Amino acid sequence: MDGSYLIGGQRRTSAQTFQGIEAATGQALPGDFAVTTPEDLALACTLAEQAFDHFRETAPETRATFLETIATALEKRSEAIVARAMLESGLPQGRLNGELGRTTGQLRLFASVVREGDWAGVVIDKALPERAPLPRPDLRSRQIPVGPVAVFGASNFPLAFSVAGGDTASALAAGCPVVVKAHPAHPGTSLLVGQAIAEAVEQCSLPSGTFSLIQEPGYAMGSALVAHPAIKAVGFTGSRSGGLALMAVAAARAEPIPVYAEMSSINPVVLLPAALAARAPELGRAYVASLSLFAGQFCTNPGILIAQTGPDLDRFLAAACEALNAVPPQVMLTPGIASAYDRGIASLTENEGVQVLAAGADGTATCGGARLLVTDGNDFLADPSLTHEVFGPSSLIVRVRDTAQIAQILESLQGQLTATLHLDEADYPLAASLLPILERKAGRILANGWPTGVEVSRSMVHGGPFPATSDPRTTSVGAMAIHRFLRPVCYQAIPDAILPPALKASNPQNLPRREFD
Ligand SMILES: NC(=O)C1=CN([C@@H]2O[C@H](COP(=O)(O)OP(=O)(O)OC[C@H]3O[C@@H](n4cnc5c(N)ncnc54)[C@H](OP(=O)(O)O)[C@@H]3O)[C@@H](O)[C@H]2O)C=CC1
Ligand SMILES: O=C(O)CCC(=O)C(=O)O
């Protein structure tokens, strides 16, 4: 495999190289990947800055076609991309085929969003020259892109949250050039995907700096990317420590910039009494299916489940334990993530307030063994360490003494991506009393479902208060993600002849507008 990185569409190499690692064996895969040099990183940022003014004023139709061209270029390479991603991530073919479909679907969704034009947010206050005591000038505003964006690919979604994933799609849709820092867990997949984007840039005759891909197994290039003055915003999915480190770099710049980091979440699931009584065994099996899906490597993994002690919970636990005992060890994304999972489980099992309820077969250096743990409401409330995310196929059940303690537990939690209630009609009054707490805590509230598997749609919110994300006002999945890479500008009394097309009286781009007399 050609181990170059991509700077403004050009393949570049350097003297220093690294190799991809096969997730299943922990062994190096054939092929050397060049580590991006500081000079090439700076060139990528400069080219992105130079591309910005042209790219941001491309007509919506041009950007929509560009996003669709990327999707087609990915489909053309789908076999190679999926084959390489299987080796590098250990994820199975069916999952990666689905993830590729989600990635191309996401690009096409943003193409529709760009064509529809609501994102441009055009608002016009017409001039009121006769107004007394003071006339009002013509005022018109629109959203413009923030500038070049740095995107950090995530290890756990090597396609949908990586080089051509949601952050890249939404930034390009907004009109921001993108420099991606590839995740070193899948350098070959990243390069194949990057080549598809670079091909689309060329096919659509866009400036070469519209997209670059840098590679490095380490922190230096990622930090330098965030620190580069040309970069105006950052998209990140990964660990809390990584997100916090990049937020610190962004805040220390001469010009601080926003970092949209999706980090840790334990996604509480609450079983309300009537639902638990009605279908305890089914819920137990579905819970284990969700927590162990693809080795539990989802930021939406149901990390804690809260339910009231009693015979119904016992029936739930019996079914959940039976299901969990049968979960085989699964290959994890990297040996580092497998050992972090082991450490997380060790710290829980050493905790006096926690017992292991069920265990699949033990893991290995590359595989995670499933675990189900249990604690009581009082122990949970007394020990904040029990709220830490353990990334992998495990979950902690919190047995509460009464329904009042459910509210207490939920109040004690930090920000979450999701919160789930399992409920029947008899549970509605209790559920309604919990809803305001969940709204304060989470970006998405579910009833009678499981949080893993996010729909990419218009209304989706994949976000939430810290530490789920660094900025609760936005989403990293779905059409609304475009807004994180836009900012408003108001034009006061600017002559029509020099207004941008989006604001001209003739509305040549046919954008939706809100006009006020
Ligand atoms: N909540 C979620 O969605 C996810 C959480 N995780 C958690 O993260 C752990 C590690 O997984 P991983 O995917 O490697 O996530 P990381 O956060 O460690 O890495 C993500 C990316 O950020 C870079 N990075 C991390 N820390 C820094 C830093 N201090 N300065 C500059 N760049 C940095 C990494 O660089 P490089 O790797 O090149 O060193 C990588 O490119 C998992 O065990 C899990 O706990 C992981 C995936 C998703
Ligand atoms: O559950 C999903 O589909 C998305 C999860 C996610 O965003 C993540 O694990 O990083």
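Fair warning: this is a prediction, and the values are worked out from it, not measured in the lab.

Novice: It is not clear to me how the overall build of the protein chain should be interpreted in this structure. Could you clarify?
Specialist: Across its full length, the protein chain carries 14 helices and 22 strands. In terms of overall dimensions, the protein chain is globule-like: its C-alpha atoms have a radius of gyration of 24 Å, near the 24 Å expected for 517 residues. Over its C-alpha atoms, taken along the principal directions, the protein chain stretches across nearly 75 × 65 × 40 Å. In the protein chain, which comprises 517 residues, the proportion classed as buried is 57%. Pairs at least 24 apart in sequence give 76% of the contacts found in the protein chain among residues at least 6 apart.

Novice: Help me understand the site of ligand 2 in this model?
Specialist: Lining the immediate environment of ligand 2, one finds 13 residues, of which Arg102, Asn156, Cys299, Thr300 and His462 sit closest. Within the backbone of cysteine 299, an N or O atom sits 2.5 Å from an oxygen atom of ligand 2. In the model, an oxygen atom of ligand 2 is placed 2.8 Å from a nitrogen or oxygen of the valine 454 main chain. Starting from 290 Å² of accessible surface for ligand 2 in isolation, the protein chains cover 100%. Its residues assigned to classes, the shell around ligand 2 shows five nonpolar, six polar and two charged. For the shell around ligand 2, the two domains that each supply at least three residues are domain 1 (33-129 + 136-263 + 471-503) and domain 2 (269-447).

Novice: Explain the sheet that holds strand β5 (residues 122-125) here, please?
Specialist: Hydrogen bonds between backbone atoms are what pair the strands of a sheet, whose relative direction is either parallel or antiparallel. Taken in spatial order, the four strands of this open sheet run β21-β6-β5-β22, and their pairing is mixed. The two strands at the open ends of the sheet, each matched to only one other strand, are β21 (486-492) and β22 (513-516). Across the sheet, the mean angle from the axis of one strand to that of its neighbour is 20°, orientation sign disregarded. Examined bridge by bridge, strand β6 (residues 139-145) and β21 share seven bridges and lie antiparallel to one another.

Novice: Explain the sheet that holds strand β20 (residues 442-447) here, please?
Specialist: Taken in spatial order, the seven strands make up an open sheet running β15-β17-β18-β13-β12-β19-β20, and their pairing is mixed. Looking along the sheet, the strands with just one partner apiece sit at the ends: β15 (355-359) and β20. Pairs of neighbouring strands in the sheet enclose a mean axial angle of 20°, with direction left out of account. Sheet analysis places strand β12 (residues 269-271) next to strand β13 (residues 304-308), joined by two bridges and oriented parallel.

Novice: Quick question: what am I supposed to make of the UniProt feature "domain: Aldehyde dehydrogenase" (unreviewed entry) in the protein chain here?
Specialist: The UniProt record annotates "domain: Aldehyde dehydrogenase" (unreviewed entry) at residues 16-422. With 45% helix and 20% strand, residues 16-422 has its two end C-alpha atoms placed 53 Å apart.

Novice: Any chance you could explain the pattern of salt bridges here in plain terms?
Specialist: Pairs can form between side chains of opposite charge whenever their charged atoms are close. For the structure shown, the criterion picks out 25 salt bridges. For the salt bridge of aspartate 517 with lysine 126, the shortest nitrogen-to-oxygen distance reads 3.2 Å. Pair noted here: aspartate 517 is in the segment after β22 and lysine 126 is in the loop between β5 and β6, with a separation of 391 residues, a long-range link. Linked through salt bridges whose partners overlap, the residues forming this network are Asp53, Arg56, Glu57 and Arg142.

Novice: It is not clear to me how the site of ligand 1 should be interpreted in this structure. Could you clarify?
Specialist: Around ligand 1, the surrounding shell holds 25 residues, and the nearest of these are Ser155, Lys181, Ser239, Met263 and Cys299. Between ligand 1 and the protein, one listed contact pairs an oxygen atom with a side-chain N or O atom of serine 239 at 2.6 Å. Surface burial for ligand 1 is 86%, taken as the share of its 870 Å² of free accessible area covered by protein chains. Most atoms of ligand 1, that is more than half of them, are within 2 Å of grid points of the largest pocket. Residue assignment for the shell around ligand 1 shows that the elements contributing at least two residues are β10 (233-237), α8 (240-252) and α11 (335-349). In terms of residue count, the dominant contributor to the shell around ligand 1 is α8 (three residues). Here the residues of the shell around ligand 1 are counted per class, giving 12 nonpolar, nine polar and four charged.

Thresholds applied
- Residues numbered from 1 in each chain as written.
- Chains lettered and ligands numbered in written order.
- Predicted model: local features only at pLDDT ≥ 70, side-chain atom pairs only at ≥ 80, totals over all residues.
- Heavy atoms only, no water.
- Helix = DSSP H or I, 4+ residues; strand = E, 2+ residues; numbered from the N terminus.
- Rg over C-alpha atoms; globule rule 2.2 N^0.38 Å.
- Buried < 20%, exposed > 50% of the residue type's maximum accessible area, 1.4 Å probe, protein only.
- Contact = heavy atoms within 4.5 Å.
- Near = heavy atom within 4 Å.
- Polar contact = N/O pair within 3.5 Å; in protein donor to acceptor, adjacent residues only side chain to side chain.
- Areas by Shrake-Rupley, 256 points an atom, 1.4 Å probe, with all protein chains shown as cover.
- Nonpolar A, V, L, I, M, F, W, Y, C, P; charged D, E, K, R; others polar.
- Domains from an automatic or database assignment.
- Pairing = 2+ DSSP bridges.
- Axes fitted to C-alpha atoms, helices over the stretch in contact; angles between N-to-C directions.
- UniProt positions renumbered as here; feature names shortened; annotations may be inferred.
- Salt bridge = Lys/Arg side-chain N within 4 Å of Asp/Glu carboxyl O.
- 1 Å grid on protein atoms, 1.4 Å probe; cavity = no way out; pocket = protein on both sides within 12 Å on 5 of 7 lines; lining within 4 Å.
- Sits in = over half its atoms within 2 Å of the grid points.

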